[in-house]
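Examination of the molecular architecture
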Amino acid sequence: MSAPARTSAGGRLERARALRFEFDGRSYQGCAGDTLASALLANGVHLVGRSFKYHRPRGVMAAGPEDPNALVTVRRDAGRYTPNLNAAQVELYDGLVAESQNRWPSLEFDVGRINDKFSRFLPAGFYYKTFMWPRRAWHGLYEPRIRAAAGLGRAPPQADPDHYAQRHAHCDVLVVGAGPAGLAAALAAARGGADVLLCDEQAELGGSLLAPGDAIDGVDGADWLRATLAQLAALPNARMLARTTAFAYLPHNLVALVERVTDHLADPPAAAPRERLWQVRAAEVVLATGAIERPLVFPGNDLPGIMLADAARIYLKRYGVLAGSRVAVVTAHDAAYRAAVELHAAGAQVVALADLRRAADGALPEAARRAGLPIRTGATALRTRGNTRVAAIELGTVQADGKVVADGRWTECDAVLMCGGFTPTVHLFSQSRGQLAWDAQAQVFVPAAAAQNCRSVGACAGPAGAPDLYATGWLGELPHPESPTRGKAFVDWQNDVTAADLGLAIREGFRSIEHIKRYTTTGMATDQGKTSNLNALAIAAQRLQRDIPAVGHTTFRMPYLPVSFGSLAGAARGELFNPVRRTPMHAWATGHGAVFEPVGLWQRARYFPRGSEDLHAAVARECMAVRRSVGMFDASTLGKIEVVGPDAAEFLERLYVNSWKNLKSGRSRYGILLRDDGFVFDDGVVARLAADRFHVTTTTGGAPRVLALMEDYLQTEWPELKVWLTSTTEQWAVIALQGPRARELLQPLVSGIDLSPSALPHMAVAHGQVCGVPAMVFRVSFTGELGFEVNVPADHGLALWRELWAAGRAFDIVPYGTEAMHVLRAEKGYIIVGQDTDGTVTVEDAGLGWAVGKGKPDFVGRASMRKAALQSPDRKQLVGLRTVDPAVVLEEGSQIAARRGLRAPMPLIGHVTSSYHSAVLGHSIALALVSGGRTRLGQEVYVPTPTGEHAATICNPVFYDPKGTRLDG
Amino acid sequence: MLLIPCPWCGPRSELEFSYGGQAHLVRPGPEVPPGDPAWTAYQYERSNDRGPHAERWRHLHGCSRFFYVVRDTTTDRIIRSYRRGEA
């Protein structure tokens, strides 16, 4: 039993293979080879959606991805639920389940249609002018309701379970589009020996030949297609990809394709990727992307059953579907005559064939006349009537003097075919940064000067590629007796933009096509204006009384068609989203219950909770343990750079603020690196290991940046220096032992180094062995306690950690994480670059002016540091804050006000950069940047919160052991 | 996705490189005072060329060297690349 609108024969279907499918809960039958759109039409289903804003009933308009109306959701299971698919692109398979969108409770009775009744109040840009009062109502009431009232599909609730592949490919010639021009180009190139890749977004290659018109070189279109495909298949150097959309033309002939691998299958194999992204680098690109049929702009042009004329012909020839039984045709192009003749031959009654042109000569109109079709020239369309399907159209006549006379009667029909001509598909050409030119004769934009090695062939090249296709056409609104016309004449179907909306934008003062586009949203929907851009431009130009090329066109950007996130992400999802860097001691930390935090790409242990401890309890315990006895900390992630060469000291002298030439071997110094704009860029301890060898450390996150800056200056500014830079971050494992008993713990395990205070003073470095492993031992402290950092080759890190841990049990040693590390250093007022600095803080601001080497002629940032603006006393300076209520821990990032009780907006004098509860001190501490902070010591300031404010006193940022005596243990 | 001709390694994908901004900026010497226009120019003024633009690239995931490229900013066509010292 065949579907009601299916022809008894014809089409490129496997009629014997019936497929069951469901749409909005109802079951239907289609054939293998159908799309969802063709199968619905075959079953007489014309209402397929509700429009975005007005919820007007909509039907299928086109036969390809340019269709603006038939957006559906296809559901395989709870995880595979894809909204906003174009029904004309969805290949039918047995068991397909699809539903319409943007309607409630049903497509036939959609409550949202009330928007159409109130459309006076909802023109383009209404949200800029209405729903303003009361202000609070916007967030809670208006915005959620407006968002719920309009839209496309619903986002799937579950993560996408499918996987997606990615592939790179190279070829001599990439041909985009497998219509007649593309096939001919691919065959010629392949015969010439080139390595050819041919792609087409349709399931079958052939393009317009799938619904053939004229013969090619005397050969019937379908036969020519069959022969050409066979010849291409026989050539080993020709690869053909169907279901593959070229969606982005990137620089240097890199074209991105997405191949739909399994979406058309009833039972996709589990191992197959759903889609495959191809990144193709081609020596030459041939664009054969064809042309898109243009609709006509007249009131009521959006009822279901009103479709593009050549699209109706494609539905007949390719899918064996009759778009209607009583068909009215309105056209400005001969193509509609072919459609009318063929539909007539298939049994439809052509009730009217209205031509906008004054005369219709040529082979196709002649054939229509011979078939006895009711042709009238100098005609126009005025309005339509119908509910969920077009029922009648009123036509009119345009007199010689331009006056339009309405027929005064309805022409009854169940389908209207409209054809305003064709627009070359120049999107990829334009993406390639090729220039478009306006062809005044053909009234279309055509490819002109190419920016890359590509050429356009066939219909997408304009009249040069397809002379007859652009002979006539229509742009902008149809002639109408009333001005302004009553009733909605749609220009952009998907975003519900009418000709009146464009007029409104221009009346409101928008002149640039980019503004008109954004204000009305024309061309901004998922179809990206494929059927609307040129008409919108024409209407805007006409109202602005300027030429179309003078108004210009909007920018074409990728993707040409919607592309799934999955295909772009490929395998980089979940755990594979970013590389993960782990230290050699990671497994031990995991085994001891560490909670980790990401620092850049590194995983660092943040704290080591015992039992049911939360973060605060664990950190308090870890900090107390360090200050009472000894703690151990994994410092392996900090950047390490070996600076080696006869000019190593000179290099560092020019780069860091400090003096280095006077640093003896075996000693280290706290180094600060600026950018040339004078702001702190990074910091770290720099050790001199030999006259020509320095071991530079950086912050964890800053390591790549610092090395890059070093290479920049070395290679481009001071290439005469004999210096080599090597990153050794991953080559050394670093274990910090901090606390008054650190030396007691370490000394017995060390050979070859005397750790006593005189032999290894603070900031000294020595080489020897620790637990039998060759080591570099730094006496250095980021906690203010006696401390050592043991550097061993990374492969020894885990074993050494275990030995130190075992030996440390006798000292109640505690592993501590980054959170405790932060608190301990803050108690000492040590800054963390990137936390207490933000790229706008100078050394003076941070209270580190003492580090700047005296009398240095030049270093990076020196000139800027000395600018008046960077020395102003009002600048934000690093200070400490003690909250008046010691239990209150200020929120990091809080702003600071000078007086109490101020209401927003209030003048603010700084912000809190670091804030913690200090277990050893028994109160909260904070570091802050405050305007003129160092002159405000003792002043009370106020930190506003959503519920009130906290008072705090400005103090010296060194809260604990201000004289620094604990460094000696 | 530019194909950048590294003078040492040949044409490689843009992904292997990091961009180094406008080329041939002159860092003022230590004798030039802080407020001097030469410092402002070095730090903040750029040619913003429409057309051929001399810029630096570094082959970060390759030979690690800086080199110069003249690229047309309207078409992304790379006109030539050269090492320091060549012009």
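Structure shown above.
Figured I'd write up the structure that's included with this text. For clarity, every value in this text was computed on a predicted model and none was experimentally measured. Residue numbers run consecutively from 1 along every chain, following the written order of its sequence. Chain A is the first chain written and ligand 1 is the first ligand written, with later ones labelled in order. Owing to the predicted nature of the model, reporting of local features is limited to residues with pLDDT of at least 70; listing and counting of side-chain atom pairs is limited to 80 or more, with chain, interface and lining totals taken over all residues. To obtain the side-chain values, all non-hydrogen atoms of the structure were used and water was disregarded.

Within chain A, the regular secondary structure consists of 22 helices and 49 strands. Considering only C-alpha atoms, chain A reaches an extent of 115 × 70 × 55 Å along its principal axes. For chain A, the proportion of its 969 residues judged to be buried stands at 57%. In the form shown here, chain A has an accessible surface area of approximately 40000 Å², with 54% of it arising from carbon and sulfur atoms. Side-chain charges in chain A split into 102 positive and 96 negative, and the spacing between the mean points of these groups amounts to 4 Å. We count a stretch as a helix when DSSP gives it H or I for four or more residues in a row; a strand needs E for two or more, and each element gets its number in order from the N terminus. Three labels apply to residues, based on accessible area from a 1.4 Å probe with only protein chains included: buried if under 20% of the type maximum, exposed if over 50%, partly exposed otherwise in between. Accessible surface area values rest on a Shrake-Rupley calculation with a 1.4 Å probe, where residue burial reflects the displayed protein chains alone. Charge assignment in this entry is limited to Lys and Arg as positive and Asp and Glu as negative, and neither His nor the chain termini are counted. By convention, the point assigned to a charge is CZ for Arg, NZ for Lys, CD for Glu and CG for Asp.

Now for the sheet that holds strand β40 (residues 765-770) of chain A. Residues and elements named next belong to chain A. The strand order β39-β40-β41-β42-β38-β32-β43 describes an open sheet built from seven strands, whose pairing is mixed. The two strands at the open ends of the sheet, each matched to only one other strand, are β39 (750-751) and β43 (814-815). The rule for pairing is simple: two strands pair if DSSP sees at least two bridges between them. Bridge count for strand β38 (residues 732-738) against strand β42 (residues 787-793) is seven bridges, and the pairing is antiparallel. Looking across to β42, one finds that Gln738 is bridged to Gly787. Residues count as neighbours in contact if any of their non-hydrogen atoms are within 4.5 Å of one another. Note on geometry: axes are C-alpha line fits, over the in-contact stretch for helices, and angles between N-to-C directions span 0 to 180 degrees. Set on the sheet, helix α20 (residues 797-808) makes contact with β32 (631-634), β38, β40, β42 and β43; between it and β38 the angle comes to about 15°.

Residues and elements named next belong to chain A. By the bridge criterion, four bridges tie strand β44 (residues 876-883) to strand β49 (residues 948-955) in an arrangement that is antiparallel. The residue bridging Leu881 from the neighbouring strand is Ile954, located in β49. Relative to β49, strand β48 (residues 940-945) runs antiparallel, the two sharing six bridges. The residue of β49 that forms the bridge with Pro944 is Glu949.

Here the focus is the sheet that holds β48(A). Strand order in this open sheet of six strands is β45-β46-β47-β44-β49-β48 (chain A), and the pairing throughout is antiparallel. Taken across any chain shown, the strands that pair with only one partner, and hence form the sheet edges, are β45 (895-896) and β48 of chain A.

All names here are of chain A. Following both chains from N to C, one finds helix α10 (residues 499-507) and helix α11 (residues 513-520) inclined at 125°, their axes separated by 10 Å at the closest point. Taken together, the axes of α10 and α11 are oblique relative to one another. You can see that α10 and α11 cross each other, and the crossing is right-handed. Contacts between α10 and α11 pair Asp501, Leu502, Ala505 and Ile506 from the former with Ile516, Tyr519 and Thr520 from the latter. Each residue is assigned to one class: nonpolar for Ala, Val, Leu, Ile, Met, Phe, Trp, Tyr, Cys and Pro, charged for Asp, Glu, Lys and Arg, and polar for all the others, Gly among them. Considering only residue class, the contact of α10 with α11 consists of five nonpolar, one polar and one charged. Convention used here: angles under 35 degrees read as roughly parallel, angles over 145 as roughly antiparallel, angles from 65 to 115 as roughly perpendicular, and any remaining angle as oblique. Crossing handedness follows the turn of the near helix against the far one: under a right angle anticlockwise gives a left-handed crossing, and clockwise gives a right-handed one.

Note: interface size is frequently given as the accessible area lost on complex formation between the parts. Counting residues at the interface gives 28 residues for chain A and 23 residues for chain B. Each partner contributes to the roughly 2300 Å² buried at the junction of chain A and chain B, and carbon and sulfur atoms together form 47% of this total. The term buried area denotes the loss of accessible surface (1.4 Å probe radius) that occurs when two parts are joined, taken as the sum for both partners. Of all residues in chain A, A:His252, A:Arg433 and A:Gln715 bury the most surface against chain B, accounting for 25% of the area lost on that side. The salt bridge criterion pairs a side-chain nitrogen of Lys or Arg with a carboxyl oxygen of Asp or Glu, the two atoms within 4 Å. At the junction of chain A with chain B, the criterion picks out four salt bridges. The salt bridge partner of B:Arg56 is A:Asp712, with a shortest N-O separation of 2.7 Å. By the criterion applied in these results, polar contacts are pairs of N or O atoms within 3.5 Å in which, for protein atoms, one can donate a hydrogen and the other can accept it, and in which residues neighboring in sequence qualify only through two side-chain atoms. On inspection of chain A and its partner chain B, the count reaches 16 residue pairs in polar contact (both at pLDDT 80 or more). Looking at the side of chain A that touches chain B element by element, the count peaks at seven residues for helix α18 (residues 703-717) of chain A. The residue inventory of the side of chain A that touches chain B, partitioned by class, reads 12 nonpolar, five polar and 11 charged.

Glancing now at the nonpolar core. The nonpolar side chains of a soluble globular protein tend to be buried with one another. All names here are of chain A. Remark: nonpolar core denotes a set of buried residues (Ala, Val, Leu, Ile, Met, Phe, Trp, Tyr, Cys) joined through side-chain atoms within 4.5 Å. Among the nonpolar cores identified, the biggest contains 137 residues, and Phe23, Leu36 and Tyr315 are the most heavily contacted of them. The dominant element in this core, judged by the number of residues it contributes, is helix α12 (residues 533-544), at eight residues. Setting aside anything within four residues of it in sequence, one finds Leu36 in contact with Phe21, Val72, Ala87, Val90, Leu92, Leu96 and Ala98. By size, the runner-up hydrophobic cluster in this structure holds 46 residues, among which are Cys623, Val680, Ala687 and Leu927.

Bringing helix α5 (residues 221-234) of chain A into the picture now. For the α-helix, the turn length of 3.6 residues means that residues three or four positions removed from each other point alike. Residues and elements named next belong to chain A. For a helix, the expected span equals 1.5 Å multiplied by the residue count minus one. For α5, with 14 residues, the first-to-last C-alpha span of 20 Å sits near the 20 Å given by 1.5 Å per residue. Those residues of α5 that sit buried are Gly221, Ala222, Trp224, Leu225, Thr228 and Leu232. All buried residues of α5 project into a common sector of 155° when viewed along the axis, lining one side. The outward face of α5, more than 90 degrees from its buried face, is lined by the exposed residues Arg226, Ala233 and Ala234. On its buried side, α5 packs onto α4 (180-191), β9 (196-199) and β10 (238-241). Put simply, Asp220 is the residue that caps the front of α5, since its side-chain oxygen is 3.2 Å from the backbone nitrogen of Ala222. Each C-beta atom gives one direction from the helix axis, and the arc is the one those directions make.

So, on to the pairing of strand β20 (residues 390-398) of chain A. Residues and elements named next belong to chain A. Of all nine residues in β20, seven are buried, a share of seventy percent or more. Direction of pairing for strand β19 (residues 379-386) relative to β20: antiparallel, over a ladder of seven bridges. Along β20, the bridge assignment pairs Ala381 with Leu395. The antiparallel pairing of β19 with β20 creates a hairpin that spans three residues between the two strands. When β20 meets strand β22 (residues 411-412), the two strands line up antiparallel, connected through two bridges.

Residue and element names in this part refer to chain A. With respect to the helices and strands, the residue Ser931 is situated in strand β47 (residues 923-931). Along the sequence, Ser931 and Gln877 sit 54 residues apart, while their C-alpha atoms lie 6.1 Å from each other. With sequence-adjacent residues up to four places away left out, Ser931 is seen in contact with Asp874, Arg875, Lys876, Ile909 and Arg936.

A few words on the packing of helix α16 (residues 615-628) of chain A against helix α21 (residues 818-827) of chain A. Residue and element names in this part refer to chain A. Axis separation between α16 and α21 bottoms out at 9 Å; the angle between their running directions is 55°. In this view, α16 runs oblique relative to α21, as classed from their interaxial angle. Note that α16 runs across α21; the crossing there is right-handed. Contacts from Leu615, Val619, Glu622, Cys623, Val626 and Arg627 in α16 reach Glu819, Ala820, Val823, Leu824 and Glu827 in α21. Its residues placed into classes, the contact of α16 with α21 shows seven nonpolar, no polar and four charged.

A complete count under the given rule lists 61 salt bridges over all chains for this structure. With a shortest N-O distance of 2.8 Å, A:Asp162 and A:Arg80 are connected by a salt bridge. Placement of A:Asp162 in the loop between α3 (136-149) and β8 (165-176) and of A:Arg80 in the loop between β5 (71-75) and β6 (81-86) is noted, with a sequence separation of 82 residues between them. Residue A:Asp162 is classed as buried on the basis of its relative accessible area, which comes to 15%. Across the pair B:Arg83 and B:Glu86 runs a salt bridge whose closest N-O atoms are separated by 3.8 Å. What emerges from the salt-bridge pattern is a single network uniting A:Arg56, A:Arg58, A:Asp116, A:Asp302, A:Lys488 and A:Asp496.

Moving on, we come to the side chain of A:Ser100. Residue and element names in this part refer to chain A. Relative to the assigned elements, Ser100 resides in strand β7 (residues 96-100). A distance of 2.7 Å separates polar atoms of two side chains, one belonging to Ser100 and the other to Asp24. Of note is the side chain of Ser100, whose polar atom sits 2.5 Å from the side chain of Arg103. Those residues within four positions of Ser100 in sequence are excluded, and the remaining contacts are Phe23, Asp24, Val48 and Leu107.

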